Amino acid sequence: MIILGIAQFGPNKGNGETISVNNRVIGYKLEGQNFNNDKYFWSRPSAVGYNAAGSGGSNKGPSNPDYLKDVQSRIDTFFIHNPNIRKEDIPSELVTSSGSGLDPDLSPGAAYIQVARIAKARNLDQSRVKSLVDANIEKPLFGLLGPQKVNVLKLNIELDKLN
(Lines give C-alpha, C1' and ligand atoms only; values in the text may rest on other atoms or scores of the structure.)
Protein backbone atom coordinates (compact mmCIF):
# COMPACT_ATOMS: atom_id res chain seq x y z
CA MET A 1 0.00 0.00 0.00
CA ILE A 2 2.90 2.35 0.73
CA ILE A 3 4.37 1.81 -2.73
CA LEU A 4 0.93 2.28 -4.33
CA GLY A 5 0.53 5.52 -2.37
CA ILE A 6 3.92 6.83 -3.50
CA ALA A 7 3.16 5.83 -7.11
CA GLN A 8 0.14 8.14 -7.11
CA PHE A 9 2.55 11.08 -7.24
CA GLY A 10 4.40 9.73 -10.29
CA PRO A 11 3.63 9.99 -13.99
CA ASN A 12 0.32 8.30 -14.84
CA LYS A 13 -0.19 7.56 -11.14
CA GLY A 14 2.00 4.47 -11.24
CA ASN A 15 0.34 2.95 -14.31
CA GLY A 16 3.39 3.38 -16.52
CA GLU A 17 4.20 6.06 -19.06
CA THR A 18 2.48 5.16 -22.29
CA ILE A 19 3.64 6.26 -25.73
CA SER A 20 0.92 7.05 -28.24
CA VAL A 21 0.85 7.64 -31.97
CA ASN A 22 -2.33 9.07 -33.53
CA ASN A 23 -4.11 8.79 -30.15
CA ARG A 24 -3.35 5.04 -29.99
CA VAL A 25 -1.14 3.58 -27.26
CA ILE A 26 1.64 1.61 -28.93
CA GLY A 27 3.92 0.93 -25.98
CA TYR A 28 5.42 2.01 -22.70
CA LYS A 29 8.38 4.30 -22.21
CA LEU A 30 10.07 2.03 -19.68
CA GLU A 31 9.48 -1.38 -21.28
CA GLY A 32 11.62 -2.81 -24.04
CA GLN A 33 9.92 -4.11 -27.15
CA ASN A 34 10.98 -6.53 -29.84
CA PHE A 35 12.02 -4.98 -33.15
CA ASN A 36 13.60 -7.36 -35.65
CA ASN A 37 12.83 -5.77 -39.02
CA ASP A 38 15.88 -4.32 -40.80
CA LYS A 39 14.15 -0.94 -41.16
CA TYR A 40 14.01 -0.45 -37.37
CA PHE A 41 16.52 -0.04 -34.58
CA TRP A 42 16.70 -3.30 -32.67
CA SER A 43 16.28 -3.38 -28.92
CA ARG A 44 18.42 -5.18 -26.42
CA PRO A 45 17.59 -8.91 -26.33
CA SER A 46 15.15 -9.97 -23.63
CA ALA A 47 15.53 -13.06 -21.46
CA VAL A 48 11.76 -13.00 -20.88
CA GLY A 49 10.53 -12.46 -24.43
CA TYR A 50 9.70 -8.79 -23.71
CA ASN A 51 6.91 -9.94 -21.36
CA ALA A 52 6.56 -7.33 -18.62
CA ALA A 53 4.62 -9.77 -16.46
CA GLY A 54 7.69 -12.01 -16.32
CA SER A 55 10.47 -9.48 -15.80
CA GLY A 56 13.79 -11.06 -14.97
CA GLY A 57 17.20 -12.05 -16.21
CA SER A 58 18.25 -15.44 -17.46
CA ASN A 59 20.56 -16.13 -14.49
CA LYS A 60 23.01 -17.74 -16.91
CA GLY A 61 26.62 -16.73 -16.43
CA PRO A 62 29.39 -16.37 -19.02
CA SER A 63 30.58 -19.94 -18.44
CA ASN A 64 27.15 -21.48 -19.11
CA PRO A 65 27.19 -23.29 -22.49
CA ASP A 66 23.52 -22.45 -23.17
CA TYR A 67 24.22 -18.77 -22.53
CA LEU A 68 27.25 -18.83 -24.83
CA LYS A 69 25.17 -20.53 -27.53
CA ASP A 70 22.46 -17.82 -27.19
CA VAL A 71 25.03 -15.02 -27.45
CA GLN A 72 26.72 -16.63 -30.47
CA SER A 73 23.36 -17.04 -32.17
CA ARG A 74 22.62 -13.34 -31.62
CA ILE A 75 26.05 -12.40 -32.99
CA ASP A 76 25.45 -14.56 -36.07
CA THR A 77 22.04 -12.96 -36.62
CA PHE A 78 23.52 -9.50 -36.19
CA PHE A 79 26.17 -10.27 -38.84
CA ILE A 80 23.56 -11.51 -41.31
CA HIS A 81 21.70 -8.20 -41.06
CA ASN A 82 24.78 -5.98 -40.58
CA PRO A 83 27.46 -7.60 -42.76
CA ASN A 84 29.95 -4.73 -42.70
CA ILE A 85 30.38 -4.72 -38.93
CA ARG A 86 33.36 -6.32 -37.19
CA LYS A 87 32.63 -8.63 -34.25
CA GLU A 88 34.68 -6.50 -31.84
CA ASP A 89 32.57 -3.45 -32.76
CA ILE A 90 29.24 -5.00 -31.74
CA PRO A 91 28.17 -3.47 -28.42
CA SER A 92 27.57 -6.26 -25.88
CA GLU A 93 24.11 -4.89 -25.13
CA LEU A 94 22.94 -5.95 -28.61
CA VAL A 95 23.79 -9.62 -28.01
CA THR A 96 23.29 -10.08 -24.25
CA SER A 97 19.99 -9.82 -22.43
CA SER A 98 19.56 -7.42 -19.56
CA GLY A 99 19.04 -8.14 -15.89
CA SER A 100 15.39 -7.11 -16.11
CA GLY A 101 14.81 -8.50 -19.58
CA LEU A 102 12.95 -5.30 -20.47
CA ASP A 103 15.49 -2.54 -21.10
CA PRO A 104 13.83 0.11 -23.29
CA ASP A 105 17.07 1.97 -23.98
CA LEU A 106 20.33 1.51 -25.84
CA SER A 107 23.58 3.39 -25.62
CA PRO A 108 24.13 5.84 -28.48
CA GLY A 109 26.88 3.51 -29.77
CA ALA A 110 24.46 0.59 -30.03
CA ALA A 111 22.11 2.80 -32.03
CA TYR A 112 24.85 4.21 -34.29
CA ILE A 113 26.10 0.76 -35.28
CA GLN A 114 22.67 0.02 -36.77
CA VAL A 115 22.48 3.20 -38.88
CA ALA A 116 23.89 1.71 -42.11
CA ARG A 117 21.42 -1.20 -42.09
CA ILE A 118 18.43 1.04 -41.45
CA ALA A 119 19.47 3.65 -44.02
CA LYS A 120 19.83 0.93 -46.66
CA ALA A 121 16.49 -0.72 -45.77
CA ARG A 122 14.68 2.63 -45.95
CA ASN A 123 16.65 4.07 -48.85
CA LEU A 124 17.75 7.02 -46.71
CA ASP A 125 21.06 8.81 -46.43
CA GLN A 126 23.06 7.51 -43.45
CA SER A 127 23.69 11.04 -42.21
CA ARG A 128 19.94 11.59 -41.91
CA VAL A 129 19.48 8.45 -39.79
CA LYS A 130 22.53 9.35 -37.67
CA SER A 131 21.11 12.84 -37.08
CA LEU A 132 17.90 11.24 -35.88
CA VAL A 133 19.88 9.22 -33.33
CA ASP A 134 21.71 12.39 -32.26
CA ALA A 135 18.39 14.18 -31.72
CA ASN A 136 17.04 11.35 -29.56
CA ILE A 137 19.94 10.95 -27.14
CA GLU A 138 18.76 11.46 -23.58
CA LYS A 139 21.40 13.06 -21.37
CA PRO A 140 22.22 11.83 -17.84
CA LEU A 141 20.00 13.08 -15.02
CA PHE A 142 21.25 16.53 -13.97
CA GLY A 143 24.04 16.02 -16.50
CA LEU A 144 25.80 13.68 -14.04
CA LEU A 145 23.76 10.65 -13.02
CA GLY A 146 23.66 7.72 -15.39
CA PRO A 147 24.75 7.20 -18.97
CA GLN A 148 23.52 8.76 -22.17
CA LYS A 149 20.79 6.61 -23.68
CA VAL A 150 18.36 6.32 -26.56
CA ASN A 151 14.80 5.03 -26.08
CA VAL A 152 14.35 2.51 -28.91
CA LEU A 153 10.57 2.82 -29.23
CA LYS A 154 10.69 6.62 -29.39
CA LEU A 155 13.55 6.47 -31.90
CA ASN A 156 11.63 4.06 -34.15
CA ILE A 157 8.54 6.27 -34.00
CA GLU A 158 10.65 9.22 -35.17
CA LEU A 159 12.19 7.02 -37.84
CA ASP A 160 8.75 6.22 -39.25
CA LYS A 161 8.05 9.95 -39.49
CA LEU A 162 10.99 10.34 -41.90
CA ASN A 163 9.25 8.35 -44.64
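You'll find the structure just up there.
Just so it is clear, the structure is predicted and the values come from calculations on it, not from any experiment.

Trainee: How would you sum up the packing of aromatic side chains? Please name residues and give values.
Mentor: Tallying each qualifying case throughout the model produces 2 aromatic pairs. Judged by centre distance (5.8 Å) and plane angle (40°), the rings of phenylalanine 35 and tyrosine 40 are tilted. Given a relative accessible area of 16%, phenylalanine 35 falls into the buried group. For tyrosine 40, a relative accessible area of 17% translates into the label buried. Lying across the ring of tryptophan 42, arginine 117 places its NZ or CZ 4.3 Å from the centre. In this structure, arginine 122 is placed above the aromatic ring of tyrosine 40, and the distance from its NZ or CZ to the ring centre is 5.0 Å.

Trainee: Give a detailed account of the packing of helix α5 (residues 126–135) against helix α6 (residues 152–162), specifying residues and quantitative values.
Mentor: The geometry of α5 relative to α6 is characterised by a closest axis approach of 10 Å and an angle of 140° between their N-to-C directions. For the crossing formed where α5 meets α6, the hand is right-handed. In this structure, α5 contributes Arg128, Leu132 and Val133 to the contact, and α6 contributes Leu155, Glu158, Leu159 and Leu162. A class-by-class count of the residues in the contact of α5 with α6 yields 5 nonpolar, no polar and 2 charged.

Trainee: Could you give me a rundown of the nonpolar core, with the residues and numbers involved?
Mentor: Soluble globular proteins: nonpolar side chains tend toward being buried together. Phe41, Phe78, Ile90, Leu94, Val129, Val133 and Leu155 are the most contacted members of the largest nonpolar core, which totals 30 residues. Counting only elements with at least two residues in this core, the list comes to α2 (65–81), α3 (108–112), α4 (115–122), α5 and α6. Broken down by element, the residue count for this core peaks at 5 residues, all from α6. The contacts of phenylalanine 78, once residues within four sequence positions are left out, are Trp42, Ile85, Ile90, Leu94, Ile113 and Gln114.

Trainee: Give me the sheet that holds strand β4 (residues 137–138): which residues, what numbers.
Mentor: One open sheet accounts for 3 strands, arranged β3-β5-β4; its pairing is antiparallel. Of all the strands in the sheet, the pair left with one neighbour each is β3 (105–106) and β4. One ladder, built from 2 bridges, connects β3 with strand β5 (residues 149–151); its direction is antiparallel. The partner of leucine 106 across the bridge, within β5, is valine 150. Across the face of the sheet, α6 comes into contact with β3, β4 and β5 while running at roughly 65° to β5.

Trainee: Report on α6, specifying residues and quantitative values.
Mentor: Turn by turn, an α-helix covers 3.6 residues, leaving residues three or four places apart pointing in a common direction. Here α6 has its buried residues at Val152, Leu153, Leu155, Asn156, Ile157 and Leu159. Measuring from the side-chain oxygen of the N-cap residue of α6 to the backbone nitrogen of leucine 153 gives 3.2 Å; that N-cap residue is asparagine 151.

Trainee: I'd like a rundown of the side chain of arginine 122, residues and numbers included.
Mentor: Structurally, the position occupied by arginine 122 is in helix α4. A distance of 2.8 Å separates a polar atom in the side chain of arginine 122 from a polar atom in the side chain of aspartate 160.

Trainee: Describe α2, listing the residues and the values that go with them.
Mentor: The end-to-end C-alpha separation of α2 is 25 Å, in line with the 24 Å expected for 17 residues at 1.5 Å each. The set of residues buried in α2 consists of Tyr67, Val71, Ile75 and Phe78. Angularly, the buried residues of α2 cover 75° about the axis, an arc narrow enough to put them on a single face. For α2, exposure combined with an orientation more than 90 degrees from the buried face picks out Pro65, Lys69 and Ile80. N-capping of α2 is provided by asparagine 64, with a side-chain oxygen placed 2.7 Å from the backbone N of aspartate 66.

Cut-off values and rules
Residues numbered from 1 in each chain as written. Predicted model: local features only at pLDDT ≥ 70, side-chain atom pairs only at ≥ 80, totals over all residues. Heavy atoms only, no water. Phe/Tyr/Trp six-rings, centres within 6.5 Å; stacked < 30°, edge-to-face > 60°. Buried < 20%, exposed > 50% of the residue type's maximum accessible area, 1.4 Å probe, protein only. Lys NZ or Arg CZ within 6 Å of the ring centre and 35° of its normal. Axes fitted to C-alpha atoms, helices over the stretch in contact; angles between N-to-C directions. Helix = DSSP H or I, 4+ residues; strand = E, 2+ residues; numbered from the N terminus. Left-handed = near helix turned anticlockwise from the far one by under 90°. Contact = heavy atoms within 4.5 Å. Nonpolar A, V, L, I, M, F, W, Y, C, P; charged D, E, K, R; others polar. Core = buried A, V, L, I, M, F, W, Y, C linked by side-chain atoms within 4.5 Å. Pairing = 2+ DSSP bridges. Polar contact = N/O pair within 3.5 Å; in protein donor to acceptor, adjacent residues only side chain to side chain. Expected span 1.5 Å × (residues − 1). Arc of directions from axis to C-beta.

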